[in-house]
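# A look at the structure
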Amino acid sequence: MINIKNLYKSYDKNEVLKGIHFTVNKGEVVAIIGPSGSGKSTLLRCMNLLETPTSGEVIFKDNSLTSKDTELEKLRQQMGMVFQNFNLFPHKKVIENIMLAPGILKKDTQHNLRKQAEVLLDKVGLADKAESYPSQLSGGQKQRVAIARALAMNPEVLLFDEPTSALDPEVVGDVLKVMKDLAKEGMTMVVVTHEMNFARDVSDKVVFMADGVIVESGTPEDIFVHQQHERTKNFLSRVL
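Quick summary incoming for the structure in this document. On a predicted model such as this, the values are computed, not experimentally measured, just so you know.

## Regarding the packing of helix α3 (residues 94–104) against helix α4 (residues 110–123)
Where α3 contacts α4, the two axes come as close as 9 Å, and the packing angle between them is 125°. What the angle tells us is that α3 and α4 run oblique. The two elements α3 and α4 cross, and the hand of that crossing is right-handed. Facing V94, I95, I98, M99, P102 and G103 of α3, the residues of α4 in contact are Q110, L113, R114, A117, E118, L120 and L121. Across the contact of α3 with α4, the residue classes tally to nine nonpolar, two polar and two charged.

## Thoughts on the layout of surface pockets
Of the volumes computed, that of the largest pocket is approximately 600 Å³. Lining the largest pocket are 19 residues, and of these R76, M79, M81, A101 and M153 sit closest to its centre. Of all the secondary-structure elements, those providing two or more residues to the lining of the largest pocket are α2 (72–76), β6 (79–82), α3 and α5 (139–151).

Definitions and cut-offs
- Residue positions within a chain follow its written sequence, with the count starting from 1.
- Since the coordinates come from a predicted model, pLDDT governs what is reported: local features require at least 70, and pairs of side-chain atoms require 80 or more to be given and counted, while whole-chain, interface and lining totals use all residues.
- Note that the side-chain values use all heavy atoms of the structure and ignore hydrogens as well as water.
- The angle between two axes is taken between their N-to-C directions and runs from 0 to 180 degrees, where each axis is a line fitted to C-alpha atoms and a helix contributes only its stretch in contact.
- Strands here are runs of E lasting at least two residues and helices are runs of H or I lasting at least four, both read from the DSSP assignment and numbered beginning at the N terminus.
- Roughly parallel covers angles under 35 degrees, roughly antiparallel covers those over 145, roughly perpendicular covers 65 to 115, and oblique covers all other angles.
- Crossing chirality is assigned from the near helix's rotation relative to the far helix, an anticlockwise turn below a right angle marking it left-handed and a clockwise turn marking it right-handed.
- Working rule for contacts: check all heavy atoms of both residues, and any pair within 4.5 Å makes them a contact.
- Charged means Asp, Glu, Lys or Arg here, nonpolar means Ala, Val, Leu, Ile, Met, Phe, Trp, Tyr, Cys or Pro, and polar covers whatever is left, Gly included.
- In the cavity and pocket records, a cavity denotes points on a 1 Å grid over the protein atoms alone where a 1.4 Å probe fits but cannot get out, a pocket denotes an open set with protein on both sides within 12 Å along at least 5 of 7 lines, and lining residues are residues with an atom within 4 Å of a point.
- Grid points are joined across faces, edges and corners, and a volume is the space filled by probe spheres set on the points.

This is the structure:
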């Protein structure tokens, strides 16, 4: 579904990504782990061109996102994004936040969009919060609304940028449960995360990054039990 070839990203003289090759298959849950500053979030944001790569190619479903001829906005609509800091509109109710993007794109009637939004709120365990404003929600509830909002576009892949790192520890489990349920349903997901248990227990593939390169990738067992690289061992010995 996503194929990244020889990706580089620099900010002035700071080279953040240094020749990344990376694939995500349909229905796969990929966890990207590694120390802060290793390029994880930059790689994720290059996948839907929120960040424009310096060089290299990002291919989504056989379409090169980095080609000038590509209808980027159309393809982006199939890639949901969940941010670390929720990015909800504070002046809109929860239900309005979820209906907004599909409404702008005239995906359906307002009546049907509202019904769909109610189903999605129920799915993330927040059916009773439809008429609330974001300021009335906890961090964990806001993040679950953000996931529902991403799902409202019926995306083919969901990209998560450290979705639990801004949350209090006691609400992290609620957000991870929603993500686990999506994984069970076969949603293609790429998750930049510090949650090692999620990476080990839920993902199909784990990618370990450091210093702008993929040091190694493989099954959770490959990375958590049979690491090939000293850099991976050192990182895991510190975080586990």
